[in-house]
Amino acid sequence: MTLIDRPHEPGGPTPRHDAPLLSVRGVRKSYATPQGAVVVLKGVDLSLRARESLALLGESGSGKSTLLHLIGGLDDADGGEIAIEGAAMTGRPDGERAALRRARIGIVFQQFNLVPSLTVDDNIAFQARIAGRFDPAWQDELIGRLGLGDLRSRYPEQLSGGQQQRVAIGRALAVRPRLLLADEPTGNLDEATGDEVMDLALDLVARTGCAFLMATHSTRLAARLDRRVRLASGALVAS
Amino acid sequence: MSEAVWTFMALVSHWRRHRASFATLMVGLAVATALWSGVQALNSQARQSYDRAARLVGEAGAPALVSARGAFIPQEQYVALRRAGFKVSPVLEGTVRIGGAAYRLVGIEPLTRPGGAVLTGLEDSSDLEAFLRAPGQTLAAPQTLSELGAAAGARIQTDPGALLPPAVAQDTIAPGLIVVDIGVAQAVLGRPMQLSRMIAASDATLDAEALAAVVGDALRIETPEETGDLTRLTESFHLNLTAFGLLAFIVGLFIVHASIGLAFEQRLGTVRTLRACGVSLATLIAVLVSEVVMLALLAGAIGMVCGYLIAAALLPDVALSLRGIYGADVGRSLVLEPRWWVSGLGMALLGALIASAASLFKVARMPAVALGRPLAWREAHEGQLRRQGVLAGLALVVALAAFWLGEGLVAGFVVIAGVLLGVALLLPLGLARLLRVGEAMSNDALARWFWADARRQLPGLSLALMALLLALSANVGVGTMVEGFRTTFTGWLDERLNSEIYVTAQDAEAGRRVAAWLEADTDVTAVLPVWRTETRIGAWPVDVYGLRDHATYRDHFSLLSELPRAWDRVRDGTGALVSEQLAQRMSLGLGGEIALPAEAGVWTVPVVGVFADYGNPKGQVRVNVDRLVRHWPDARRTHYSVRAAPEAVAGLIERMRAEFGDALAQVSDQAQLKAMSLRIFERTFAVTGALNTLTLFVSGIALFASLLTLSDVRLAQIAPVWALGVTRRRLSDLEVGKVMVLAAMTAVLAVPLGLVLAWCLVAIVNVQAFGWRLPFHVFPLQWGVVFVLALVTAFVAAMLPALRLSRTAPADLLKVFANER
């Protein structure tokens, strides 16, 4: 089953089909350090439509993760606007950003970030459950497609890196997100495993119809996505 | 709702996979609650007993009539007073032995008891009739009957063979008391037509002149302040127990703090994941608080049960101490009110929330993205160390301020708490410095790693080491005080109990006859009157003793301070000796004068010496016996101390008893009295010793808990060293070594801290609480014992984690590198 159109969520704006799913306008972010403020993002603009995939390239420390965190509502920007399907992410209190994140965004990290005390099954189902969207049938399909059928009752420490990342992808997609964010998802994997994980991720993204934004330093992986942009000196340049 | 539920399940699932951590957290909080609630159970039991005992023999604040001369009052005096219109009620009290145990038997006359002195069950006329009419009733608390193995209606037999009326359980009667009709009591105690006292209503005015018109000078009015309200007298004893219980609770909270803090740190990744999945901060905090509350209630309930068992185990020692020191009866089995359970659970809850507050605050303050950054967490820890240093400084300043400006017992405890807390908070900084020195002095690479890695472990172990420091210091401090007390007390007893026999006669006339008989005995070398009276200076009861000049006192009764020719002046009646607590309370110095309210007026006499009077809650003055009789003609002349050949003592006592029978109220030999005094001393400090040991045990658990929960993190830190060629066995030995080095450093710091604590106990707390000061002794051997205890505690705590490390499969060590690129 693929999901292309979803019912409009109560309380949120009605998405226009031609409007960008993700809108980032003039986003700025800096961090305070003992040596003074460090400016990471100097006014970033980007947009992403549904079913579109975008690779965010840049050197280590260029601010890719910071931008992803801001888009995911894990941190708040110093300035600018971020909106998901017209719903503003910036300038909201933590509770509202969290609600938006759990309902519409799936995040895959480089370090997998699974809950070590939950099984594979429970890890995958977690975000869907807290969002009130747990669908056993969709869970089973995801697990099957991710090749985790025999590993459902295992714990993360009993899995290889590639297996853990597949669980992370499963968790991010189990909630049927509108936007999937991935921060160096193959960074801790060998090339072959990384490619395998990317194949799965792209396949499932296509099936769910969500937008996909991936931060990576690999031009090879970036080439597999629809578009590429590069973050340098706190601003985006076309790649 | 589902957000909170699933978040809760995700967080709680951590404990399912870390059962050892869960167990140590539960044990820590349960033990802390147990020690606190156990002490409070003892205090609560005692206070309930005081209240019930006071209600039994009279209203609170009611006056009583007691014999001015001897131990008992002839019943005809009571009859005369009643006929004269005095609304008094007779009471006879004594001790009976049942099944080898001593119980207080109280005989009452319910028809004449003052209206406020309630005995539930006797308010109804039919029950009153049952009590008065043959065979009568024996009223006792349910737990007393249970101890005696007596069912309702059973007739209890005393050891000498007397049969009491049928037993009836009464909740309002204090444990350890048995209440019967006064006629029954007179028969059982062998005191026909005799009374101990007569009680009046609290609003009754007993006019001394009207009294004298009926009974002459045979009786005197005893006000409640004179005997000393038990609650007030025992306040210091219970406060010291509470202080110890609080110390143990705080040490236990270190375990909780360590376990919860480390659990938070272990779940940092989970918390980050939960936030990434869309759990709001508010939900996260609410779930974490709910988790702490549930754990606290569960552990608290277990702790309360253990606290009850601890209190039940310590109650016999406490009861003996209270009876021996204050004459208070608290029963032998525990009965606790429901509010004890509520307050204990409340403490567990409060303690758990306090212990987890820092971690909750950290989670609330940090942005979600920083939770995943170990550097951010380390920055927070270093910030915490700085704040700890500031707090330590504040605590020491508060201690200093309380020392210089404070007064009273509470100020003494503030000094102790401030010093202990301040030094404990400085411990991690101090240990870090020492470890740097060790590292700088090492040439070998592995040795340098040993010291550096020990320093790295400090953040995770600092709380446990602080708990260990507190426990070791308490051991040194309290141990020093107790040993010093034992040394002083033993010597003091030898001085004070110098006579071979101590005799108390029924009345003055019997006393004269006994003294004359003794003086005629060839085995007796001296018969020394120890007559006394009671007076009050201000609101404080003071015993005045009259002594005859004799070598027994000059040679053995040592004085803390004295003027030249002090004993000569006492003999001449131109000087008085006062107890240390009286001198301290009344600010009396040598050469100053003390004004003693006497029967014919106030007798002002110079103070020529101060003597130690350990354990006495009242003041004491010693004067020449002739002066005593002159100023207090009605002083009790029933006590004598007898010097005799030691080998003749047993025979002499036997002959005396055969000669005088009931005319003797009590005869004791020196060995008996010393043994009883020492027994009371040992049992009193057995309670302290038990709490001391339990506190050390709790700190050992704290160390074990920290090591266990650190063991997973340690794997990632040790794996690189293993990969470079150091065997697992060697690494495991080094792990144990590091913990023992840290414990040894802590023990070395604990000794001076413990000595400071001992000095505070001796010089401040003891003086404020009891009015007397012990000499300050040090016991270096004790320090060695404490040092060894620290090493043993560390070794036992470190063994299991080290064993696990030594048995870790190489594959598990390699996994540390598997996720790194």
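Read on for a plain summary of the structure. (Residues numbered from 1 in each chain as written. Chains lettered and ligands numbered in written order. Predicted model: local features only at pLDDT ≥ 70, side-chain atom pairs only at ≥ 80, totals over all residues. Heavy atoms only, no water.)

### Considerations on the overall build of chain B
The line we're drawing: Here a helix means four or more residues in a row that DSSP labels H or I, a strand means two or more in a row labelled E, and each is numbered from the N terminus. The buried label applies to any residue whose accessible area, calculated with a 1.4 Å probe on protein chains only, is under 20% of its type's maximum; exposed applies above 50%, and partly exposed to all values in between. Only heavy atoms matter for contacts: two residues are in contact if any of them lie within 4.5 Å across the pair. Exposure was quantified through the Shrake-Rupley algorithm and a 1.4 Å probe, taking into account, for residues, occlusion by the shown protein chains and nothing else.
Per the secondary structure count, chain B includes 26 helices and 22 strands. The 821 residues of chain B split such that 56% are buried. Counting only contacts in chain B whose residues sit at least 6 apart along the sequence, the fraction spanning at least 24 positions is 81%. Looking at chain B as shown, the accessible area adds up to about 33,900 Å², and 61% of this sits on carbon and sulfur atoms.

### Comments concerning the packing of aromatic side chains
As a reminder, the rule being used: Pairing of aromatic rings covers Phe, Tyr and the six-membered ring of Trp, with a centre-to-centre limit of 6.5 Å; geometry is then stacked below 30 degrees between planes, edge-to-face above 60, and tilted otherwise. Here, over-ring charges are defined by two tests on the NZ atom of lysine or the CZ atom of arginine: distance to the ring centre within 6 Å, and angle to the ring normal within 35 degrees.
Inspection of the entire model under this criterion finds 10 aromatic pairs over all chains. Through successive ring pairs, a cluster of aromatic residues spans Phe403(B), Trp404(B) and Trp759(B). Above the plane of the ring of Phe134(A) lies Arg129(A), whose end atom (NZ or CZ) is 4.5 Å from the centre. Lying over the aromatic face of Tyr545(B), Arg622(B) brings its terminal NZ or CZ to 4.8 Å of the ring centre.

### Brief notes about the sheet that holds strand 1 (residues 64-67) of chain B
Residues and elements named next belong to chain B. Here is the rule we go by: A pair of strands is labelled paired if DSSP reports no fewer than 2 bridges between them. To obtain each axis, a line is fitted to C-alpha atoms, and for helices this fit is confined to the stretch in contact; angles are then taken between N-to-C directions over 0 to 180 degrees.
An order of 6-7-5-8-4-3-10-1-11 is seen for the nine strands of this open sheet, with the pairing classed as mixed. At either margin of the open sheet sits one strand with a lone partner, and together these are strand 6 (155-157) and strand 11 (219-222). Within this sheet the neighbouring strands show an average axis-to-axis angle of 35°, counted without direction. Bridging between strand 3 (residues 88-98) and strand 10 (residues 197-200) involves four bridges; their strand directions are antiparallel.

### Describing the nonpolar core
Residues and elements named next belong to chain B. In plain terms, the rule: Think of a nonpolar core as a cluster: buried Ala, Val, Leu, Ile, Met, Phe, Trp, Tyr and Cys residues, connected wherever their side-chain atoms sit within 4.5 Å.
By size, the foremost hydrophobic cluster in this structure holds 110 residues, and its most contacted members are Leu465, Leu472, Leu703 and Leu731. With 26 residues, helix 16 (residues 445-496) is the single largest residue contributor to this core. For Leu465, the contacting residues outside a window of four places in its chain are Leu427, Leu431, Leu458, Leu703, Leu742, Ala743 and Thr746. Counting 43 residues, the second largest nonpolar core, distinct from the first, contains Ala598, Trp632, Val649 and Phe660.

### Regarding empty space enclosed by the protein
All names here are of chain B. Here is the rule: Think of a 1 Å grid over the protein atoms and nothing else: a 1.4 Å probe that fits but is trapped marks a cavity, an open set flanked by protein within 12 Å on at least five of seven lines marks a pocket, and residues with an atom within 4 Å of a point count as lining. Grid points are joined across faces, edges and corners, and a volume is the space filled by probe spheres set on the points. Note on residue categories: nonpolar means Ala, Val, Leu, Ile, Met, Phe, Trp, Tyr, Cys or Pro, charged means Asp, Glu, Lys or Arg, and polar means any other residue, Gly included.
Counted by the stated rule, this structure contains four cavities of 30 Å³ or more. Lining the largest cavity we find Leu547, Arg548, Asp549, Tyr553, Trp567 and Val570. Residues that form the lining of the largest cavity fall into these classes: four nonpolar, no polar and two charged.

### Quick word on the interface of chain B and chain A
Our working rule: Each of two parts loses accessible area, computed with a 1.4 Å probe, when they are put together; buried area is these two losses added. Salt bridge, as used here, is a side-chain nitrogen of Lys or Arg placed within 4 Å of a carboxyl oxygen of Asp or Glu. As used in this structure description, the phrase polar contact means that two N or O atoms lie within 3.5 Å; if the pair is within protein, one of them must be able to donate a hydrogen and the other to accept it, and residues adjacent in sequence are counted only when both atoms belong to side chains.
With 25 residues of chain B at the interface, the matching set in chain A holds 30 residues. With both chains or domains summed, chain B and chain A bury close to 2,500 Å², and 54% of this area falls on carbon and sulfur atoms. For the pair chain B and chain A, the number of links is three salt bridges. The salt bridge involving Glu3(B) is made with Arg102(A); its shortest N-O contact spans 3.1 Å. Inspection of the chain B/chain A interface yields 13 residue pairs in polar contact (both at pLDDT 80 or more). Breaking the side of chain B that touches chain A down by element, the ones donating at least two residues are helix 1 (2-17) and helix 11 (268-276) of chain B.

### Side note on the sheet that holds strand 5 (residues 87-88) of chain A
In a beta sheet, neighbouring strands are held together by backbone hydrogen bonds and run either parallel or antiparallel to one another. Residues and elements named next belong to chain A. A sheet is described by the order of its strands in space; here four strands give the open sequence 2-1-4-5, paired in antiparallel fashion. The open sheet has two edge strands, strand 2 (36-48) and strand 5, and neither has a second partner. Where helix 1 (residues 64-71) meets the sheet, it contacts strand 1 (22-33), strand 2 and strand 4 (79-84), and its direction lies at approximately 120° from that of strand 1.

### Describing helix 22 (residues 649-660) of chain B
Residue and element names in this part refer to chain B. Formally: Expected span of a helix, by definition, is 1.5 Å for each gap between consecutive residues, and there is one gap fewer than residues. Relevant arc is that of directions from the helix axis to the C-beta atoms, nothing else.
The terminal C-alpha atoms of helix 22 lie 16 Å apart, and with 12 residues this matches the ideal 16 Å at 1.5 Å per residue to within 8%. All buried positions along helix 22 are accounted for by Val649, Leu652, Ile653, Met656 and Phe660. All buried residues of helix 22 fall inside an arc of 100° around its axis, so they share one side. Turned more than 90 degrees away from the buried face of helix 22 sit Ala650, Glu654 and Ala658, all of them exposed. Positive backbone phi, at 50°, marks Gly661, one or two positions downstream of helix 22.

### Examining the packing of helix 3 (residues 120-130) of chain A against helix 1 of chain B
Just so we agree on the cut-off: The cut-offs work like this: below 35 degrees is roughly parallel, past 145 is roughly antiparallel, 65 to 115 is roughly perpendicular, and the gaps in between are oblique.
At a closest axis distance of 8 Å, the pairing of helix 3 of chain A and helix 1 of chain B adopts a crossing angle of 155°. Between helix 3 of chain A and helix 1 of chain B, the angle is such that the two are roughly antiparallel. Taken together, the residues of helix 1 of chain B that come into contact with helix 3 of chain A (itself represented by Phe126(A), Arg129(A) and Ile130(A)) are Ser2(B), Glu3(B), Trp6(B), Thr7(B) and Ala10(B). Its residues placed into classes, the contact of helix 3 of chain A with helix 1 of chain B shows four nonpolar, two polar and two charged.

### A closer look at the side chain of Asn498(B)
Residue and element names in this part refer to chain B. Following the sequence through the fold, Asn498 ends up in the loop between helix 16 and strand 12 (501-505). Residue class for Asn498 comes out buried when judged on its relative accessible area of 11%. Setting aside anything within four residues of it in sequence, one finds Asn498 in contact with Thr552, His556, Arg643 and Gln670.

### Brief notes about helix 4 (residues 136-145) of chain A
All names here are of chain A. Among the residues of helix 4, Trp138, Gln139, Leu142 and Ile143 are the ones counted as buried. Each buried residue of helix 4 lies within a common arc of 135° when the element is viewed along its axis, so the set occupies one face. Residues of helix 4 that are buried sit in contact with helix 3, helix 5 (161-174) and helix 6 (191-208). Capping the start of helix 4, Asp135 holds a side-chain oxygen 3.1 Å from the backbone nitrogen of Ala137, two or three residues further along.

### Digging into the packing of helix 3 (residues 75-83) of chain B against helix 7 (residues 208-215) of chain B
Residues and elements named next belong to chain B. Here is the rule: In this scheme the crossing of two helices becomes right-handed for a clockwise turn of the near helix relative to the far one and left-handed for an anticlockwise turn of less than a right angle.
In contact at an axis separation of 9 Å, helix 3 and helix 7 are set at 125° when each is read in the N-to-C sense. When the axes of helix 3 and helix 7 are compared, the pair comes out oblique. Pair helix 3 / helix 7 crosses with right-handed handedness. Of helix 7, the residues touching helix 3 (which contributes Gln77, Ala80 and Leu81) are Leu211, Val214 and Val215.

### Points about the environment of Val751(B)
All names here are of chain B. Along the chain, Val751 falls in helix 24 (residues 728-770). The class for Val751 is buried, based on a relative accessible area of 15%. Sequence separation of Val751 and Gly784 is 33 residues, and the distance between their C-alpha atoms is 9.5 Å. With sequence-adjacent residues up to four places away left out, Val751 is seen in contact with Val476 and Trp783.

### Regarding the pairing of strand 12 of chain B
Residues and elements named next belong to chain B. With five of five residues buried, strand 12 is to be regarded as a mostly interior element. Neither face of strand 12 is exposed, since Ile501, Val503 and Ala505 on one face and Tyr502 and Thr504 on the opposite face are all buried. Bridging between strand 12 and strand 21 (residues 639-644) involves four bridges; their strand directions are antiparallel. Among the inter-strand pairings, Val503 is bridged to a residue of strand 21, identified as Tyr640. Note: strand 12 against strand 22 (residues 664-669), five bridges, orientation antiparallel. What sits directly across from Val503, in strand 22, is Val667.

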